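# Remarks on the overall topology
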Amino acid sequence: MDLSPNRLIDIEQLEKRLARKEAQEDCGFLDSRDPFVTLTEKFGDAFAEYRRQWHAASHFELETAFPLQLDFELNYSCNLKCPMCTWSIEETSGTGRKDWFPFDKFQEIIRYGVARGLKALDMSFVNEPLIRKDLPEFIDFARQAGIVDVGFNTNGTLLTPELSYRLIESGLTRIQFSLDAFSVETYNKVRTGGDYDKVLKNVLRFLELRREKESDLPLVAVSFVKQKDNEKELDKFVNFWEPRVDYLLIREYLNPVLPSDEHYDDKSKMFSEMRHTTGEFKCTKPWQRMIVRHDGTLLPCCTFHGAYLPMGNVFQKPLDEVWNSRQMHNLRMLHKRGEFYKNEICKACAFSSTVNQSAWDV
């Protein structure tokens, strides 16, 4: 197969084609190919109502009784050590099955949540979800229980035809492959430990298997985190993948560590020259979702920095008790007012992602 692009894309024009959905948005769907519009057309009123609530929560107009989405970290492990991730500075890549979230507790949370308004799941956080070969069982249970949207991000290295079939049959609605490169040389810099040719074949084979199954789900995306070592390949990446997948995600690099960390300065050198910045930052994440870590810790945010804002533990308290706590309410109100800088973790996240620090005197 010829992988060379037959045209180049002007980067400035490409930037204009990104449909950024939220005030501080660190990613965009290329040419407004929003997967949620496609899924609304497919699933009808139930999905449309979920997205109506999501829109209202994202505009700080609706404080729900239960998170609309839960992000599960079913295993605390990864098989790569990408420089953009905290795994790059970990001594190990995880401690094995003892850090796996139990299926029975997952079932309990899903049943409890669906009865109280839970609509969607993301099956990934700071981990590689395909390390768990039983992942399709979690997805199948969730969909059967009434979850309308289930997706996850993966580096794609562990995908096999058998696992692909199981994922397609599980009811998965979205799968997003983190590639971040168009050449082997660049991939080796930004996806340490991976195999570009293998991942490329895995993604293309997944698309073939979906066609063979005559299924239009899951929707398939590839994502590109803009950073210093890969930004010059963004046009080629888009040109190759745009006609092949359902949508593309172009993300901004986020420094994964706090300013107090010894690696902060080195990680800050990775920002792309094409970095999208804004003077506004009103994080919508605490209004939409909670993250359930492998050990039950509940977080209000899906970024690396969210790990420094534990709100409770699902093994100790009902999840909605934590969601409706004064601490969570205050965090939501802080972002509604645009006062992110009053929380030191949120402030670090803002300046490590999309806020132009030179525009602020705080």
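Preceding this section is the structure that the text describes.
So, a few notes on the structure that sits alongside this text.

Conventions and cut-offs
- Once a new chain begins, its residue numbering starts again from 1 and follows that chain's sequence as written.
- Thresholds applied to this predicted model are a pLDDT of at least 70 for local features of residues and 80 or more for the giving and counting of side-chain atom pairs; totals over whole chains, interfaces and linings are not thresholded and use all residues.
- No hydrogens and no water enter the side-chain calculation; it runs on all heavy atoms of the structure.
- Stacked, tilted and edge-to-face are the three classes applied to pairs of Phe, Tyr and Trp rings, where Trp contributes its six-membered ring and a pair requires centres within 6.5 Å; stacked means planes under 30 degrees apart, edge-to-face means over 60, and tilted covers the rest.
- The helix count covers DSSP runs of H or I at least four residues long, the strand count covers runs of E at least two residues long, and both are numbered beginning at the N terminus.
- Note on geometry: a ring has a charge over it if NZ (lysine) or CZ (arginine) is within 6 Å of the ring centre and within 35 degrees of the ring normal.
- Partly exposed residues are those whose accessible area sits between 20% and 50% of the maximum for their type, while under 20% is buried and over 50% is exposed, using a 1.4 Å probe and protein chains only.
- Strands qualify as paired when DSSP identifies two bridges or more between them.
- For crossovers, right-handed means that the path from the first strand over the helix to the second runs clockwise, given strands pointing away from the viewer.
- By definition in these notes, contact holds between two residues if any of their heavy atoms fall within 4.5 Å.
- Identification of polar contacts relies on pairs of N or O atoms within 3.5 Å, with a donor-acceptor requirement for protein atoms, meaning one able to donate a hydrogen and the other able to accept it, and with residues adjacent in sequence counted only if both atoms are side-chain atoms.
- Think of it as the arc spanned by the lines of direction from the helix axis to the C-beta atoms.
- Angular values range over 0 to 180 degrees, each being the angle between N-to-C directions of two axes fitted as lines to C-alpha atoms, with helices fitted over their stretch in contact.
- For classification purposes, an angle smaller than 35 degrees is called roughly parallel, one larger than 145 roughly antiparallel, one from 65 to 115 roughly perpendicular, and anything else oblique.
- In this scheme, a crossing is called left-handed if the near helix is turned counterclockwise away from the far one by less than a right angle; it is called right-handed if the turn is clockwise.
- Amino acids are sorted into nonpolar (Ala, Val, Leu, Ile, Met, Phe, Trp, Tyr, Cys and Pro), charged (Asp, Glu, Lys and Arg) and polar (every other residue, Gly among them).
- When a carboxyl oxygen of Asp or Glu is within 4 Å of a side-chain nitrogen of Lys or Arg, the pair counts as a salt bridge.
- Note on terminology: pairs of cysteine sulfur atoms within 2.5 Å are recorded as disulfides.

In total, this model carries 23 aromatic pairs according to the counting rule given. Centroid distance phenylalanine 106 to phenylalanine 138: 4.9 Å. Interplanar angle 70°. Geometry classified as edge-to-face. In this pair, phenylalanine 106 is assigned in helix α4 (residues 103–114) and phenylalanine 138 in helix α5 (residues 135–145), connecting sequence segments 32 residues apart. Joined through ring pairs, the aromatic side chains of Phe72, Phe101, Phe103, Phe106, Phe138, Phe141 and Phe315 make up one cluster. Stacked on the ring of phenylalanine 43, the Lys or Arg lysine 42 has its end atom at 5.8 Å from the ring centre. Cation over ring: arginine 332 sits above tryptophan 323, and NZ or CZ is 4.4 Å from the ring centre.

What follows deals with the pairing of strand β8 (residues 247–252). It is a general feature of regular strands that their side chains alternate between the two faces of the sheet. Among the six residues of β8, five are classified as buried, and the element is accordingly described as predominantly covered. Bridge analysis of strand β7 (residues 219–226) against β8 gives six bridges, and the strand direction is parallel. Residue pairing in the sheet places serine 223 in a bridge with leucine 249 of β8. Following the chain from β7 across helix α9 (residues 234–241) to the adjacent parallel β8, one finds a crossover that is right-handed.

Here leucine 217 and proline 218 are connected by a cis peptide whose omega angle stands at 0°. Tracing the backbone through its elements, the reader meets proline 218 in the loop between α8 (196–212) and β7.

Moving on to the environment of asparagine 155. Within the secondary structure, asparagine 155 is located in the loop between β5 (149–154) and α6 (161–169). Using a relative accessible area of 3% as the deciding quantity, one classes asparagine 155 as buried. For the pair asparagine 155 and aspartate 180, spaced 25 residues apart in the sequence, the C-alpha separation amounts to 9.8 Å. Excluding residues within four positions of it along the chain, asparagine 155 makes contact with Cys78, Asn79, Leu80, Glu128, Ser178, Arg191 and Val199. Within polar-contact distance, the side chain of asparagine 155 engages the side chain of asparagine 79 at 3.1 Å.

Those residues of α6 not exposed but buried are Leu163, Ser164, Leu167 and Ile168. For α6, the angular spread of buried residues about the axis comes to 135°, placing them on one side. Exposed and facing more than 90 degrees away from the buried side of α6 are Glu162 and Glu169. Immediately beyond the C-terminal end of α6, within one or two residues, lies glycine 171, with a positive phi of roughly 100°.

Three or more residues of α5 are buried, namely Leu135, Pro136, Phe138, Ile139, Phe141 and Ala142. Tucked into the core, α5 has its buried residues touching α4, β4 (120–122), β5 and α6. Downstream of α5 by one or two residues, glycine 146 has phi in the positive range, about 120°.

At a closest axis distance of 10 Å, the pairing of α4 and α5 adopts a crossing angle of 20°. Compared by their axis directions, α4 and α5 come out roughly parallel. Helix-helix and strand crossings are classified by hand; for α4 and α5 the assignment is right-handed. Contacts from Phe103, Phe106, Gln107, Ile110, Arg111 and Val114 of α4 reach α5 at Glu137, Phe138, Phe141, Ala142 and Ala145. Along the lines of polarity and charge, the residues of the contact of α4 with α5 split into eight nonpolar, one polar and two charged.

Close contact between α6 and α8 brings their axes to 10 Å; oriented N to C, the two are set at 50°. Of the possible angle classes, the one that applies to α6 and α8 is oblique. Pair α6 / α8 crosses with right-handed handedness. Across the interface between the two elements, Pro161, Ser164, Tyr165, Leu167 and Ile168 of α6 pack against Phe206, Leu209, Arg210 and Glu212 of α8.

Our focus in this paragraph is the pattern of salt bridges. One pass over the full model with this rule turns up 18 salt bridges. Across the pair aspartate 320 and arginine 116 runs a salt bridge whose closest N-O atoms are separated by 3.7 Å. Taken as a pair, aspartate 320 in helix α12 (residues 319–323) and arginine 116 in the loop between α4 and β4 lie far apart in primary sequence, 204 residues in all. Relative accessible area serves as the criterion here: at 39%, arginine 116 is assigned to the partly exposed category. Two residues, arginine 337 and glutamate 339, come together in a salt bridge whose shortest N-O distance is 2.9 Å. Accessibility expressed as a relative area gives 51% for arginine 337, which makes it exposed. Looking at glutamate 339, the relative accessible area reads 16%, which means it is buried.

Looking now at the state of the cysteines. Chemically, a disulfide is nothing more than a covalent bond linking the sulfur atoms of two cysteines. For the coordinates displayed, the defined rule picks out zero disulfides. Cysteine 78 forms no disulfide, and the closest cysteine sulfur to it belongs to cysteine 85, at a distance of 6.2 Å. We classify cysteine 78 as buried; its relative accessible area is 11%. Not engaged in a disulfide, the cysteine cysteine 302 finds its nearest cysteine sulfur in cysteine 301; these two sulfurs lie 5.3 Å apart. For cysteine 302, a relative accessible area of 26% puts it in the partly exposed group.

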